[in-house]
Amino acid sequence: MSWGEVRRVIDSADVVLHVLDIRDPLSTLSARVESIVRRQGKELVLVLNKADLVPRDVAEAWKRYFAGRGYNAVYVSTTRHQGTLILRRTIKRVAPGLPTVAAVVGFPKTGKSSIINALKGRRSAPTSPYPGSPGYTKGVQFVRVDKDILMLDTPGVIPIEGDPLERVIRGTPVEHIEDPVGVAHMLIKRVLEKRPDAFKKAYGLDSVDPEEILRAIAARHGWFYKKSGEPLVEEAARKVIRDFHDGLIPYYVEPVEAE
């Protein structure tokens, strides 16, 4: 999605849900999105997704962190169906009027589609926002969440910005990363900096050396080069990146660490 398309998504809504990965929300918060939302006079709600991957007190701490800085923030776990009702109530509370239209935006792999699906539920059906009313992009698909909320049924995928590692692991399909080993090394170091026992818990590995970790994972899965017999670390690197996205590697940043 281009920034022009993101602006059109935001322009089509009254309330914008900016989905963040609660494990490291500041790395997935877009200052540019916030600026666009403010300039267009829309209401912003930060949705801290994947709350099942962090301790409850960490989720609460991040909610307080953002609330203390003037944000509306809700943490949810779409995999465990937690927080959706609170999110609906928050949308209605901040909306300029009811019924209201909400849109979802965020970086890739933050769970935008899962938020949309969680809010839609099983009984949702396509609808038009307000027949004959101006201000809404023609051709945009909406679904009714309930009598007071219409959901723009398209996640606004934000172009990656900021942190170089985030740009690669979120902005490029794992299979297309040019240097998966180098990226995995950076990711392993970042994880170990915050959670020294992460790879012990994930794979039973005591090593804190990225190359040793990749070689051990490759050997465990029988991934070897046919000619040399050396561990196929490229495939192990891709697995580490996938496992990180799937929440199989314990990792999270606390507000105190972020400050």
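Not measured: the values here are computed from a predicted model.

Participant: So what exactly am I meant to see when it comes to the overall build of the chain here?
Facilitator: Scanning the chain from terminus to terminus reveals 11 helices and eight strands. The C-alpha atoms of the chain give 20 Å as radius of gyration, which agrees with the globular expectation for 259 residues (18 Å, within 12%). By principal-axis analysis of the C-alpha atoms, the chain measures approximately 70 × 35 × 35 Å. Buried positions account for 47% of the 259 residues belonging to the chain. Accessible area of the chain: about 12500 Å², with a carbon and sulfur share of 50%.

Participant: Help me understand the pairing of strand E7 (residues 149-152) in this model?
Facilitator: Consecutive residues of a regular strand have side chains that alternate between opposite faces of the sheet. Residues of E7 alternate between two faces, with Ile-149 and Met-151 on one and Leu-150 and Leu-152 on the opposite face, all of them buried. As paired strands, strand E4 (residues 100-106) and E7 are joined by three bridges and run parallel to one another. Bridge pairing in E7 places Thr-100 opposite Ile-149. As defined by bridge partners, strand E6 (residues 142-146) adjoins E7 across four bridges and the pair is classed as antiparallel. Within E7, the position partnered with Asp-146 by the bridge is Ile-149. In this antiparallel pair of consecutive strands, E6 and E7, the connection spans two residues.

Participant: Is there a simple way to think about the pairing of strand E3 (residues 72-75) in this case?
Facilitator: Bridge analysis of strand E2 (residues 43-49) against E3 gives four bridges, and the strand direction is parallel. Pairing of Val-45 across the sheet is with Asn-72, part of E3. Handedness of the β-α-β unit built from E2, helix H3 (residues 56-67) and E3 comes out right-handed.

Participant: Would you take a moment to explain the pattern of salt bridges for this structure?
Facilitator: Side chains that differ in charge, positive against negative, can pair when their charged atoms come close. Throughout the structure, instances matching the rule amount to 19 salt bridges. A salt bridge links Asp-21 to Arg-170; the nearest nitrogen and oxygen atoms lie 3.0 Å apart. With a gap of 149 residues between them, Asp-21 in strand E1 (residues 15-21) and Arg-170 in helix H6 (residues 164-171) connect regions that are remote in the sequence. There is no split in this pair, since Asp-21 and Arg-170 are both buried. Measuring nitrogen to oxygen at the nearest pair gives 3.4 Å for the salt bridge that ties Lys-120 to Asp-153. Here Lys-120 is found in helix H5 (residues 112-120), whereas its partner Asp-153 is found in the loop between E7 and strand E8 (156-157), with 33 residues between them in sequence. Lys-120 sits in the buried class, given a relative accessible area of 16%.

Rules behind the numbers
Residues numbered from 1 in each chain as written. Predicted model: local features only at pLDDT ≥ 70, side-chain atom pairs only at ≥ 80, totals over all residues. Heavy atoms only, no water. Helix = DSSP H or I, 4+ residues; strand = E, 2+ residues; numbered from the N terminus. Rg over C-alpha atoms; globule rule 2.2 N^0.38 Å. Buried < 20%, exposed > 50% of the residue type's maximum accessible area, 1.4 Å probe, protein only. Areas by Shrake-Rupley, 256 points an atom, 1.4 Å probe, with all protein chains shown as cover. Pairing = 2+ DSSP bridges. Right-handed = clockwise from strand over helix to strand, strands pointing away. Salt bridge = Lys/Arg side-chain N within 4 Å of Asp/Glu carboxyl O.

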